[in-house]
Amino acid sequence: MNAIPAVASDVPEKRSEEPEDTARSWQERGRALVVRFGPAVWCYAVLKLIGFTVFMKLLSFSGEYAKKPARFGGGANPWDVVATWDGWWYQQVAKFGYHPALVPIPNGPVGFSVEQNSAAFFPLYPGLMRMTSDVTGLGLYGAGMLVSVVASLFAAAGIYAVVEKLTGDARSGVIAAGIWAIAPGSGAEWAVYSDSLFVALAAWACYCVMARQWVAAGVITLVAGLNRPTSAALIGAVGLAALVELYRRESGVLRPLAAMLLAPLGLLGYVGWVGWRTGEWGGYFRLQHDAWLHYFDWGQGTWHAIRGVLLGRSDYPFAFPVPDLFATLIVLSLPVLIVLLVRLRPPLVLTAYTLATIVSVLGSLGIFGNVSRYLLPAFPLFIALAVGMRKLSLPVLATVLGTGAVASGWYAGYVIFELGVP
């Protein structure tokens, strides 16, 4: 019997619409992301813009920036201020790279025996500045601001994701992102500073741990370790959560183990590299101690500063009356915020990360008036506040957050950058 020839309809046709389906799938995913994260990002951006505008207006009104050196809180324009202090150092790294060295200072100021060096500033943020500048053609100032603003939006989305997963309430997540926009230390979020980038990485690392995406959490924490030394708190929290997960065996062995091994590599790698280049394995820590007077002193510096504020004295290092008064109030509020957070029974990674961040801040000698900025990564402290505010009506909520945004323009911006040293 002759075989019956196949007709065209019997032959499977290749779907010519597959590229269209792929494009449609990406569009749907994009819409889903906008629907999910859009409210939190917009809430953050609007509040942050209000605060930043107030900050710029106050700078213009005072005119003090024009009387200060461009490196230390001054510049030709009000917006130049946000690229001073640490921002100046980040621009130096982005432009010239690193030349780690421990150069002694003969007869230097009390406590300072080594020249300050850019190796104290971690490479991720200035590296992104340089890459953004090369790709966009922007100067290093513009590139740094672009990186900070974009990173702050990712941080707002990450905070939303963490809070929404913890509470199951999207409104609380949006409010938490808004509170982070007006926090006392939020002036560093839209500046040539690495703070927003670190919080974005920390929030998403915590979220990945909560979602049991262990390898992603390890990789993100590794990257965070290349951004700031405060990543030690995140590394410890992710490692502790992974260790508990290994004990429970709910995610197997390999993935939590991978997170534990990956998490510290960024921080250890950079600190080790600085030690190698300076010819002293503890070179990074000596640089922080002898050149920047910033080191873990078991809380002595914090105690002396608080005692000085309460007694009306200025006999402690880096005394700045207005920032120090607010810093004292912030420190006194921490026990309340911690208790409120613990009552929500957050996952281990959030509790450990928050407590480790607080211990590292209060236990280290530094500029006490900058406590608000140093605590900026401790975003879980805002969760209980967000949950408590979710029942407010929209007009009331807008009034509360809007007023906070105006106040943050004064304190987080003007006070920290002009009346203090950020």
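Worth saying up front: this structure is predicted, and the values here are computed from it rather than measured.

Caption draft 1: How the structure looks around the layout of surface pockets. As a volume, the largest pocket reaches approximately 1300 Å³. Residues belonging to the lining of the largest pocket are distributed by class as follows: 32 nonpolar, 12 polar and four charged. Considered as a void within the structure, the second largest pocket measures approximately 500 Å³ in volume. Ile182, Ala183, Pro184, Ile330 and Phe382 are the residues nearest the centre of the second largest pocket, which is lined by 24 residues in total. Mapped onto the lining of the second largest pocket, the elements with two or more residues apiece are helix H13 (321-343) and helix H17 (394-419). Across the lining of the second largest pocket, the residue classes break down as 19 nonpolar, five polar and no charged.

Caption draft 2: Local environment of the nonpolar core. Of all hydrophobic cores here, the largest spans 123 residues; its most connected members are Phe55, Trp180, Tyr353 and Phe379. When residues in this core are grouped by element, the largest group, 13 residues, is from helix H6 (residues 195-210). Beyond its immediate chain neighbours, meaning those up to four positions away, Phe379 contacts Ile159, Val162, Trp180, Val199, Ala202, Ala203 and Tyr353.

Caption draft 3: Quick peek at empty space enclosed by the protein. Using the criterion set out here, one finds three cavities of 30 Å³ or more in the structure. For the largest cavity, the calculated volume is near 50 Å³. Around the largest cavity, the lining residues are Lys48, Gly51, Phe52, Phe55, Ser186, Gly187, Ser408, Gly409, Ala412 and Gly413. Taken together, the elements giving at least two residues each to the lining of the largest cavity come down to helix H1 (18-62) and H17. Residue classes in the lining of the largest cavity are distributed as three nonpolar, six polar and one charged.

Caption draft 4: Region of interest: the pattern of salt bridges. A full pass over the atoms with the stated rule returns 12 salt bridges. With its nearest N and O atoms 3.4 Å apart, the salt bridge here joins Asp290 to Arg286. Of the two residues, Asp290 and Arg286 are both situated in helix H11 (residues 283-291); the distance of four residues between them amounts to about one turn of the helix. Exposure remark for Asp290: the relative accessible area of 14% places this residue in the buried category.

Parameters at a glance
- Residues numbered from 1 in each chain as written.
- Predicted model: local features only at pLDDT ≥ 70, side-chain atom pairs only at ≥ 80, totals over all residues.
- Heavy atoms only, no water.
- 1 Å grid on protein atoms, 1.4 Å probe; cavity = no way out; pocket = protein on both sides within 12 Å on 5 of 7 lines; lining within 4 Å.
- Points joined across faces, edges and corners; volume = space filled by probe spheres on them.
- Nonpolar A, V, L, I, M, F, W, Y, C, P; charged D, E, K, R; others polar.
- Helix = DSSP H or I, 4+ residues; strand = E, 2+ residues; numbered from the N terminus.
- Core = buried A, V, L, I, M, F, W, Y, C linked by side-chain atoms within 4.5 Å.
- Buried < 20%, exposed > 50% of the residue type's maximum accessible area, 1.4 Å probe, protein only.
- Contact = heavy atoms within 4.5 Å.
- Salt bridge = Lys/Arg side-chain N within 4 Å of Asp/Glu carboxyl O.

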